[in-house]
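A structural walkthrough
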Amino acid sequence: MIDWLKDNHQLISLVISASTLLVWVFYAQLLLLNFQRQRKPSLIINRGAGHGLSSLCLISNMSAEPMFINQLVVRIESSKGPLELDVTDIRQSIDDETAASPDLAIYQATHQGPIRSGDFIHVGTFKGMLQGVAERHGIELDGHKPVGDWKFHTLEVRAVAFYGPERHPIGVLRRFQLADRGEPDCVLIPESPFTEQLLSRRDRRTVLGWLKETP
C-alpha cells in the first residue's frame, strides 16, 4: 500500500487538489447566491385590516436597502375592458394649518417617496381605489357595484419603484378577484399568494411602458 501511494502520489495530489477546488467553488456559489438574494429588490403588495374592499392596501419593502416609490396605478378589469387610474397623488385639499408644515403637506399630498428597508406604507383602502377608478371613467356605483351593464372582475395594484443605485425602475403588481358573495362588502381574493416582481431586462420594457402611460 505504501509503495502504491509512493508510486501514485502525483495522481493522488491532483485528485485532492481538484476535490478541494470543487468544494471552494461550491461554497463560493452559495455565497454568491446568498449575496444576490440579499441584494434583490422586493416589494410586497397586500391587504391589511380585513379582506374586503374596506381593507387597507399595504406596500412593504422587504429589500436590504430603501426603495423609492415613483408611481402607483390601479387597474380594474371590467366587462367592457380595462380601466386605469394613477393613484400616486392623493386627491385631497390641504388646509392652511397643514400647509404650515411642509413635510406633513407633502406626506398628505402624495404616496411618492422612499420606503426604508423593512418598513411599509398604506395607500388607502381598496374601496377608495375602486371608487376613484369609477369616478375617473364616469361610472356610477351602487355601493361597490357599477350601475348598468358594467361588471368589475378584478382589481390590480401596480407600483413602479427605484432601488438603491440601480438606474432602471422595477415594477411589481398584484391582482385580486372581486368576489361578491352577497355580503355588504366585496371580498378580495388574491389570484396568487405572491406579489409579481418585474425585475428582468425583458420586464423593463413593460415597466417603462407603465411610466409612459397616463391613465
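Presented here is a report on the structure given in the accompanying data block. The structure presented is a predicted model; accordingly, all values stated were derived computationally and were not measured.

1. A few points about the overall build of the chain
- Per the secondary structure count, the chain includes 6 helices and 12 strands.
- Among the 215 residues that make up the chain, the fraction classed as buried is 34%.
- Taking as baseline every contact in the chain between residues at least 6 positions apart, the subset at least 24 positions apart corresponds to 61%.
- Accessible surface, the chain as shown: approximately 13800 Å² in total, 56% of it carbon and sulfur.

2. What to know about the pairing of strand 2 (residues 56–61)
- For strand 2, the buried fraction is high: 5 of the 6 residues fall into the buried class.
- By the bridge criterion, 6 bridges tie strand 1 (residues 43–48) to strand 2 in an arrangement that is antiparallel. Looking at strand 2, one finds that Ile45 is bridged to Ile59.
- Where strand 2 meets strand 6 (residues 120–125), 4 bridges bridge the pair, whose relative direction is antiparallel.

3. Some details on helix 5 (residues 126–136)
- Along helix 5, the residues classified as buried are Phe126, Met129, Leu130, Gly132, Val133 and Ala134.
- Immediately beyond the C-terminal end of helix 5, within one or two residues, lies Gly138, with a positive phi of roughly 70°.

4. A short note on helix 6 (residues 201–212)
- The first and last C-alpha atoms of helix 6 sit 17 Å apart over 12 residues, in line with the 16 Å expected at 1.5 Å per residue.
- Along helix 6, the positions that sit buried rather than exposed are Asp203, Val207 and Trp210. One side of helix 6 holds all its buried residues, which, seen down the axis, span an arc of 45°. Opposite the packed face of helix 6, turned more than 90 degrees from it, sit the exposed residues Arg201, Arg202, Arg205 and Lys212.
- Contacts made by the buried residues of helix 6 are with strand 3 (67–78), strand 9 (152–163), strand 10 (170–179) and strand 12 (196–198).

5. A few points about the pattern of salt bridges
- Under the criterion given, the structure shown has 8 salt bridges.
- Close ionic contact of Asp149 with Lys80 constitutes a salt bridge, the shortest N to O distance being 3.0 Å. Residue Asp149 is located in the loop between strand 8 (145–146) and strand 9, and its partner Lys80 is located in the loop between strand 3 and strand 4 (81–86); the two are separated by 69 residues in the primary sequence.
- Assessed through its relative accessible area of 47%, Lys80 is described here as partly exposed.
- In this structure, Arg175 engages Glu191 in a salt bridge whose closest nitrogen and oxygen atoms are separated by 3.3 Å. Here the residue Arg175 occupies a position in strand 10, and Glu191 occupies one in the loop between strand 11 (187–190) and strand 12, the gap between them amounting to 16 residues.
- Judged by its relative accessible area of 29%, Arg175 is partly exposed.
- Taken together, the shared-partner salt bridges connect Arg75, Glu77, Glu84, Glu156, Arg158, Arg175 and Glu191 into one network.

6. Notes on a nonpolar patch on the surface
- On the surface, Leu11, Leu14 and Val15 cluster together into a nonpolar patch covering about 300 Å² of accessible area.
- With respect to the secondary-structure elements, Leu14 resides in helix 2 (residues 9–39).
- Look at Leu14 and you get exposed, because its relative accessible area is 58%.

7. Regarding the sheet that holds strand 2
- The strand order across the open sheet formed by 3 strands is 1-2-6, and the pairing between neighbours is antiparallel. The sheet terminates laterally at strand 1 and strand 6, the two strands that pair on one side only. Each neighbouring strand pair of the sheet contributes to a mean axis angle of 25°, computed without reference to strand direction.

About the thresholds
Residues numbered from 1 in each chain as written. Predicted model: local features only at pLDDT ≥ 70, side-chain atom pairs only at ≥ 80, totals over all residues. Heavy atoms only, no water. Helix = DSSP H or I, 4+ residues; strand = E, 2+ residues; numbered from the N terminus. Buried < 20%, exposed > 50% of the residue type's maximum accessible area, 1.4 Å probe, protein only. Contact = heavy atoms within 4.5 Å. Areas by Shrake-Rupley, 256 points an atom, 1.4 Å probe, with all protein chains shown as cover. Pairing = 2+ DSSP bridges. Expected span 1.5 Å × (residues − 1). Arc of directions from axis to C-beta. Salt bridge = Lys/Arg side-chain N within 4 Å of Asp/Glu carboxyl O. Patch = residues over 30% accessible without salt bridge, like charges linked within 9 Å, V, L, I, M, F, W, Y side chains within 5 Å. Axes fitted to C-alpha atoms, helices over the stretch in contact; angles between N-to-C directions.

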